[in-house]
Amino acid sequence: MMKVKRNFSYTMIVYLLEVINVSKEKLLILIEKLPVNFKNDIMSTYEMAINEGIEKEKMEVILKGYKKGISINDLSDITGLSISKVREIIEKDLK
């Protein structure tokens, strides 16, 4: 049940962050006024969403770079991901 609640909270928070146009600073001020348990859920969800965005961006860089002829070693250096992870991303895209 806790996982379902967390997934729902995550979905709602991500949706709200996409729909409302609020600066990061104002968002943090609003979050500070919330009860501690809800604030912790929002912050962990926000951090997860940021990390997912970073990972998605790295994947896009890898795929675009590879298509333009950048070596796997260079893509690994650029993104900070291991060579094996870069290869894995490229192989998934080729399937």
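Structural data are supplied above this passage.
These remarks concern the structure in this document.

About the cut-offs
- Residues numbered from 1 in each chain as written.
- Predicted model: local features only at pLDDT ≥ 70, side-chain atom pairs only at ≥ 80, totals over all residues.
- Heavy atoms only, no water.
- Salt bridge = Lys/Arg side-chain N within 4 Å of Asp/Glu carboxyl O.
- Helix = DSSP H or I, 4+ residues; strand = E, 2+ residues; numbered from the N terminus.
- Buried < 20%, exposed > 50% of the residue type's maximum accessible area, 1.4 Å probe, protein only.
- Expected span 1.5 Å × (residues − 1).
- Arc of directions from axis to C-beta.
- Polar contact = N/O pair within 3.5 Å; in protein donor to acceptor, adjacent residues only side chain to side chain.
- Contact = heavy atoms within 4.5 Å.

Evaluation of the coordinates by the stated rule reveals three salt bridges. The shortest N-O distance in the salt bridge between Glu88 and Lys85 comes to 3.4 Å. Of this pair, Glu88 and Lys85 both sit in helix H5 (residues 83-94), separated by three residues, roughly a single helical turn. Residue classification places Glu88 among the partly exposed residues on the basis of a relative accessible area of 33%. Where salt bridges share partners, they join Lys85, Glu88 and Lys92 into one cluster.

If you check H5, its first and last C-alpha atoms are 17 Å apart, about what twelve residues at 1.5 Å a residue would give, namely 16 Å. Val86, Ile89 and Ile90 are the residues of H5 that are buried. The buried residues of H5 occupy an angular sector of 95 degrees when the element is viewed end-on, so they sit on one face. Structural note: H5 exposes Ser84 and Lys92 on the side pointing more than 90 degrees away from its buried face.

Let's shift gears to the side chain of Thr79. Checked against the element boundaries, Thr79 lands in helix H4 (residues 72-79). A polar contact of 2.8 Å, which involves the side chain of Thr79, links it to the backbone oxygen of Leu75. There is a polar contact of 3.3 Å between the side chain of Thr79 and the backbone nitrogen of Leu81. With near-sequence residues (within four places) excluded, Thr79 lies in contact with Lys58, Val61, Ile62 and Val86.

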